[in-house]
Amino acid sequence: MKGLKKLFFGIMMLLMGAVVFGAEMDLSKVTLKDVNGMNYSFGKDGKPTYVKFWASWCPICLSGLEDIDSLSKEMKDFEVITVVSPGLVGEKKTEDFKKWYKSLGYKNIKVLLDEKGELTKMLNVRVYPTSAVLNKSGKVEKVLPGHLEKAEIKKLFSSKMMMNDGKMKDSIMKDDKMMNDKHMMKDDKMSMEKKTSM
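Residues numbered from 1 in each chain as written. Predicted model: local features only at pLDDT ≥ 70, side-chain atom pairs only at ≥ 80, totals over all residues. Heavy atoms only, no water.

(A) Local environment of the pattern of salt bridges. Under the counting rule described, the total for this entry stands at 4 salt bridges. In this structure, E74 engages K154 in a salt bridge whose closest nitrogen and oxygen atoms are separated by 3.1 Å. Remark: K154 occurs in helix α6 (residues 150-156) and E74 occurs in the loop between α3 (65-73) and β4 (79-84); sequence separation between them is 80 residues. Owing to a relative accessible area of 37%, K154 belongs among the partly exposed residues under this scheme. Across the salt bridge formed by K110 and E79, the nearest N and O atoms sit 3.7 Å from each other. Taken together, the residues span a long stretch of sequence, with K110 in the loop between α4 (94-104) and β5 (111-113) and E79 in strand β4 at a distance of 31 residues. For K110, a relative accessible area of 32% puts it in the partly exposed group. Where salt bridges share partners, they join E74, K150 and K154 into one cluster. (Salt bridge = Lys/Arg side-chain N within 4 Å of Asp/Glu carboxyl O. Helix = DSSP H or I, 4+ residues; strand = E, 2+ residues; numbered from the N terminus. Buried < 20%, exposed > 50% of the residue type's maximum accessible area, 1.4 Å probe, protein only.)

(B) Just α3, in detail. Those residues of α3 that fall on the buried side of the exposure criterion are L65, I68, D69, L71 and S72. Taken end-on, α3 shows its buried residues confined to a sector of 165°, consistent with a single buried face. Facing away from the buried side of α3 by over 90 degrees, the exposed positions are E66 and K73. Tucked inside the fold, the buried residues of α3 contact β3 (49-53), α2 (59-63), β4, α4 and α6. (Arc of directions from axis to C-beta. Contact = heavy atoms within 4.5 Å.)

(C) A look at the packing of aromatic side chains. Here the structure, examined in full by the defined rule, presents 8 aromatic pairs. Three or more aromatic residues link up through ring pairs in this structure, and these residues are W54, F97, W100 and Y101. (Phe/Tyr/Trp six-rings, centres within 6.5 Å; stacked < 30°, edge-to-face > 60°.)

(D) Quick peek at the pairing of β3. Taking burial as the measure, the 5 residues of β3 include 5 buried ones, the bulk of the element. With burial as the criterion, each face of β3 is covered, one bearing T49, V51 and F53 and the other bearing Y50 and K52. When β3 meets β4, the two strands line up parallel, connected through 5 bridges. Paired with K52 across the two strands is T82, which belongs to β4. (Pairing = 2+ DSSP bridges.)

(E) Region of interest: the environment of S63. Mapped onto the secondary structure, S63 falls in helix α2. Of the residues examined, S63 reaches a relative accessible area of 56% and is grouped as exposed. Taking the C-alpha atoms as reference points, S63 and H147, separated by 84 residues in sequence, lie 9.8 Å from one another.

(F) Seen up close, the side chain of T82. Among the secondary structure elements, T82 is positioned in strand β4. Exposure remark for T82: the relative accessible area of 0% places this residue in the buried category. Of the polar contacts made by the side chain of T82, one reaches the side chain of W54; its length is 3.2 Å. Non-local contacts of T82, meaning those with residues more than four positions away in its chain, are made with K52, W54, I68, I109, K110, V111 and L112. (Polar contact = N/O pair within 3.5 Å; in protein donor to acceptor, adjacent residues only side chain to side chain.)

(G) Summary view of the side chain of K150. Considering the arrangement of structural elements, one finds K150 in helix α6. At 2.6 Å, the side chain of K150 forms a polar contact with the side chain of S70. Dropping the residues within four chain positions of it, K150 is found in contact with D67, S70, L71 and E74.

(H) Focus on the state of the cysteines. Scanning all chains against the criterion turns up 1 disulfide. Here C58 pairs with C61 through a disulfide, and the sulfurs are 2.5 Å apart. One quick way to see it: the torsion about the S-S bond of C58 and C61 is about 80°, and its sign makes the bridge right-handed. Summarising the burial analysis for this pair, C58 and C61 share the class buried. (Disulfide = S-S within 2.5 Å.)

Right under this line is the structure:
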């Protein structure tokens, strides 16, 4: 009985956390400067946005920059943005980062500087790279830890999903539900196997 109470309490805390986290997911009021000193605000251009959080010390992040540069150059129905946090979590200081980044020679990547780590905290970024999918209003639809290939990024923004924000969210929610259903079926199967072996 004590274990059930702990489980119930844990589930309630997670649900309450999800509600609070969801309430903070509107980035349309967030403005950051890019490596060239220009201000950028999410959702102002009316296009959905792919956001990649990365760091200069992360080899996986660096290996994906060429794809991000290429994707940024292509004609598309979504914007591509990257975010780094100079001076935080082992990242170079702002001026050192800018100089280092410019030496890489990428011409198409928009790199925003989250110098206070506000955006990183808001989206609960725990690993690099992490991706976020924003709808055309600047609201976060999904946060995905880990590396995504160029084709996977394009699939997130396929024309079927881009019809409107509601359909984009429905499609992402459906993908999540299918993944959760697979895990639930696996858990149910394991549970049944344990019962039959007793």
